[in-house]
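Residue-level structural notes
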Amino acid sequence: MIIFSERVNGMYRDVRKAINEKDERIVQDLVREQVAGGADVMDINLGPTKGDPVENFVWLAQTVHAATDRPLSLDSAKPHVLVAAMPRVRAALPDTKLIINSSTAAPEAMGQLIPVAAEQGAGIIGLTMDQEGVPGNVEKRVECGATFLMTAMESGITPEDIYLDPIILPVNVAQKQPANVMEAIRQLAIVSDPPPHFILGLSNVSQQCLMRNLLNRTYLVMSIAAGLDAAIMDAADKELVEAAISAEVLLDKQLYSDDYLKAWRMQKGLH
Ligand code: THG
């Protein structure tokens, strides 16, 4: 399971304030907490912050990197911001693995972002949607996922650098989607050989719902069973991380031992 930390996101009020005030300590305390919880990759998203987004991305990437050398996933819905930010962050942090989050399968977005990932040896997340928006059915998700995967591979990006994201929406507004997303993962895993990674922005599923942690945890376990191997999630939610590890043990993706949680933490160099 590749854990992308969701927490350094300007959607959270504390992070938004920290970015606006260029307060490194608040961000770095969060980063250390996420890494201690098991985060493998730091997703960084400016949210609705003030100022120039490219300069803010460079500041945020450097600030996060000062607390961890884990890979950074640059998260923006605006392709032009990612296209401008990627070379700047690459120049500031030449040895850090970068991931573009995200492109859609719309030709215009792929045309801008896939060449940047290919050129820079970056990973890239492809949302299974196009210019028409998030599909309401499984078939269109699979079609968009297959298009993105083929286009990225034709540009020389290898499957281990490609993450397909079937886009999970809040269960209270789109209750058929959680099952559709799982089915899309199953079908995309069958048609692609070798398979790419499959990722979700997990907390989307519970936005505006009660008992968010329970919904997140339950859905993470279900999607891991469908083939999910990465998630943008709160790595400081101990029960969430432990549910993911338990799911992987039960699916024979992690070795069982009587102390498998401890073994997992040791393997990651955590204590
Ligand atoms: N796919 C990809 N990237 C993504 C998403 C996705 N990036 C953004 C998002 N979705 C994943 N990250 C988050 C981060 C926070 C929340 C949800 C998803 C969240 N935040 C609280 C909220 O909105 O209720 C913030 C409130 C607070 O201040 O506490 O839920 O799907 N590729």
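Notes on the structure in this doc start here. These numbers were taken from a predicted model, which means no experiment stands behind them.

Along the backbone of the chain there are ten helices and eight strands. Over its C-alpha trace the chain gives a radius of gyration of 18 Å, about what one expects of a compact globule, namely 18 Å for 271 residues. Split into buried and exposed, the 271 residues of the chain put 53% on the buried side. Intrachain contacts of the chain at a sequence separation of at least 6 include 70% that bridge at least 24 residues. When the accessible surface of the chain is summed, it comes to about 12,500 Å², and 54% of that surface belongs to carbon and sulfur atoms.

Counted by the stated rule, this structure contains two aromatic pairs. A ring pair is formed by Phe4 and Tyr163, whose centres lie 5.4 Å apart and whose planes are at 80°; its orientation type is edge-to-face. Of this pair, Phe4 sits in strand S1 (residues 2-9) while Tyr163 sits in strand S6 (residues 162-165), and the two are 159 residues apart along the sequence. You'll find Phe4 and Tyr163 in the same group, each marked buried. Considering the side-chain rings of Tyr256 and Tyr260, the 6.0 Å spacing of their centres and the 45° angle between planes classify their relative orientation as tilted. Across the ring face of Tyr12, the terminal group of Arg7 is positioned such that the distance to the ring centre comes to 4.2 Å.

Attention shifts here to unusual backbone geometry. Negative phi characterises most residues that are not glycine, and trans characterises most peptide bonds. The omega torsion of the bond from Asn101 to Ser102 falls at 15°, within 30 degrees of zero and hence cis. Here Ser102 shows up in strand S4 (residues 98-103). With omega at 0°, the peptide bond leading from Asp193 into Pro194 counts as cis. The topology assignment puts Pro194 in the loop between helix H7 (177-191) and strand S7 (197-201). Backbone geometry at Lys22 places phi at a positive 50°, although glycine is not the residue there.

Right, let's get into a nonpolar patch on the surface. A contiguous nonpolar surface patch, about 370 Å² in accessible area, is contributed by Leu210, Met211 and Leu214. Counting through the fold element by element, Met211 comes out in the loop between S7 and helix H8 (212-226). The exposure class assigned to Met211 is exposed, which follows from its relative accessible area of 61%.

Let's shift gears to the sheet that holds S6. Spatially, S1-S2-S3-S4-S5-S6-S7-S8 is the arrangement adopted by the eight strands of the closed barrel, whose pairing is parallel. On average, adjacent strands in this sheet sit at an angle of 25° to one another, irrespective of strand direction. Summarising the sheet, S1 and strand S2 (residues 41-45) pair through four bridges and their orientation is parallel. Opposite Asn9, over in S2, you have Asn45 as the bridge partner.

Considering all chains together, one arrives at twelve salt bridges under this definition. In this structure, Glu239 and Arg217 form a salt bridge, with 3.6 Å as the shortest nitrogen-oxygen distance. Remark: Arg217 occurs in helix H8 and Glu239 occurs in helix H9 (residues 238-250); sequence separation between them is 22 residues. Residues participating in the shared-partner salt-bridge network are Arg25, Asp29 and Arg32.

So, about the site of the ligand. Of all residues adjacent to the ligand, which total 16 residues, the nearest are Asp75, Asn101, Asp165, Asn204 and Arg212. Between the ligand and the protein, one listed contact pairs an oxygen atom with a side-chain N or O atom of Asn204 at 2.8 Å. Measuring from an oxygen atom of the ligand, one finds a side-chain N or O atom of Arg212 at 2.7 Å. Here the ligand, which alone exposes 670 Å², has 78% of that area covered by the protein. Of the residues belonging to the shell around the ligand, the class tally is five nonpolar, six polar and five charged.

A separate point is the side chain of Thr63. With respect to the secondary-structure elements, Thr63 resides in helix H3 (residues 53-65). Exposure remark for Thr63: the relative accessible area of 3% places this residue in the buried category. Of note is the side chain of Thr63, whose polar atom sits 2.7 Å from the backbone oxygen of Trp59. Sequence-distant contacts of Thr63, defined by excluding residues within four places in its chain, comprise Glu24, Val27 and Gln28.

Reading the values: the criteria
- Residues numbered from 1 in each chain as written.
- Predicted model: local features only at pLDDT ≥ 70, side-chain atom pairs only at ≥ 80, totals over all residues.
- Heavy atoms only, no water.
- Helix = DSSP H or I, 4+ residues; strand = E, 2+ residues; numbered from the N terminus.
- Rg over C-alpha atoms; globule rule 2.2 N^0.38 Å.
- Buried < 20%, exposed > 50% of the residue type's maximum accessible area, 1.4 Å probe, protein only.
- Contact = heavy atoms within 4.5 Å.
- Areas by Shrake-Rupley, 256 points an atom, 1.4 Å probe, with all protein chains shown as cover.
- Phe/Tyr/Trp six-rings, centres within 6.5 Å; stacked < 30°, edge-to-face > 60°.
- Lys NZ or Arg CZ within 6 Å of the ring centre and 35° of its normal.
- Patch = residues over 30% accessible without salt bridge, like charges linked within 9 Å, V, L, I, M, F, W, Y side chains within 5 Å.
- Salt bridge = Lys/Arg side-chain N within 4 Å of Asp/Glu carboxyl O.
- Pairing = 2+ DSSP bridges.
- Axes fitted to C-alpha atoms, helices over the stretch in contact; angles between N-to-C directions.
- Near = heavy atom within 4 Å.
- Polar contact = N/O pair within 3.5 Å; in protein donor to acceptor, adjacent residues only side chain to side chain.
- Nonpolar A, V, L, I, M, F, W, Y, C, P; charged D, E, K, R; others polar.

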